[in-house]
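# Structural description and commentary
Residue strings, one per chain:
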Amino acid sequence: QTCALPILLEITELISDYADYIVVTQPKSDRSTPPEQIRNAFTDFTKPIDLVDEIPLALEHAYQVADPDDLIVVTGSLFTVAEAKQVIDNQSYNS
């Protein structure tokens, strides 16, 4: 099952207005939207978009490409946010 395209396009348009860099990933859920579909929904986004297979690796990648004063935002399903929170709670990201 995947996210309805109109909603996905609306969400990616909102994110595009604020993001300088996007990392797309997928939680450990059979019902999640394929990352490629999410990446392709950023139709007008001209800044970098990276596709990373797993949430822990995506978070690590985000920390590596972010400047010290950047804000990293995790958004998506409750599964995505819960998995990311678990990773963040169990690791220390120091610059």
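Attention in this report is confined to the structure presented alongside it.

Thresholds applied
Residues numbered from 1 in each chain as written. Predicted model: local features only at pLDDT ≥ 70, side-chain atom pairs only at ≥ 80, totals over all residues. Heavy atoms only, no water. 1 Å grid on protein atoms, 1.4 Å probe; cavity = no way out; pocket = protein on both sides within 12 Å on 5 of 7 lines; lining within 4 Å. Points joined across faces, edges and corners; volume = space filled by probe spheres on them. Helix = DSSP H or I, 4+ residues; strand = E, 2+ residues; numbered from the N terminus. Nonpolar A, V, L, I, M, F, W, Y, C, P; charged D, E, K, R; others polar. Axes fitted to C-alpha atoms, helices over the stretch in contact; angles between N-to-C directions. Parallel < 35°, antiparallel > 145°, perpendicular 65-115°, else oblique. Left-handed = near helix turned anticlockwise from the far one by under 90°. Contact = heavy atoms within 4.5 Å. Core = buried A, V, L, I, M, F, W, Y, C linked by side-chain atoms within 4.5 Å. Buried < 20%, exposed > 50% of the residue type's maximum accessible area, 1.4 Å probe, protein only. Expected span 1.5 Å × (residues − 1). Arc of directions from axis to C-beta.

Estimates place the volume of the largest pocket at around 1,400 Å³. Along the walls of the largest pocket sit 41 residues, with Ile15, Val23, Val73, Val74 and Thr75 positioned nearest its centre. Within the residue set of the lining of the largest pocket, elements represented by two or more residues are helix H1 (5-16), strand S1 (22-24), helix H3 (55-65) and helix H4 (78-90). Tallied by class, the residues present in the lining of the largest pocket amount to 26 nonpolar, 12 polar and 3 charged.

The contact between H3 and H4 brings their axes to 9 Å, and the two run at 65°. One element, H3, and the other, H4, form an angle in the roughly perpendicular class. Between H3 and H4 lies a crossing whose hand is right-handed. When H3 is examined against H4, the residues Ile55, Pro56 and Leu59 are found in contact with a partner set consisting of Thr80, Glu83, Ala84, Val87 and Ile88.

In terms of nonpolar packing, the biggest core is built from 8 residues, these being Leu8, Ala19, Ile22, Val24, Ile38, Ala41, Phe42 and Phe45. Going through the elements one at a time, S1 and helix H2 (35-41) are the ones with two or more residues in this core. Setting aside anything within four residues of it in sequence, one finds Phe45 in contact with Ser16, Ala19, Asp20, Tyr21 and Ile22.

The end-to-end C-alpha distance of H4, which contains 13 residues, comes to 18 Å, matching closely the 18 Å that a straight helix rising 1.5 Å per residue would cover. Three or more residues of H4 are buried, namely Thr80, Glu83, Ala84 and Val87. For H4, the buried positions fall inside an angular range of 100° around the axis, keeping them on one side. Set apart from the buried face of H4 by more than 90 degrees, the exposed residues are Leu78, Gln86 and Asp89.

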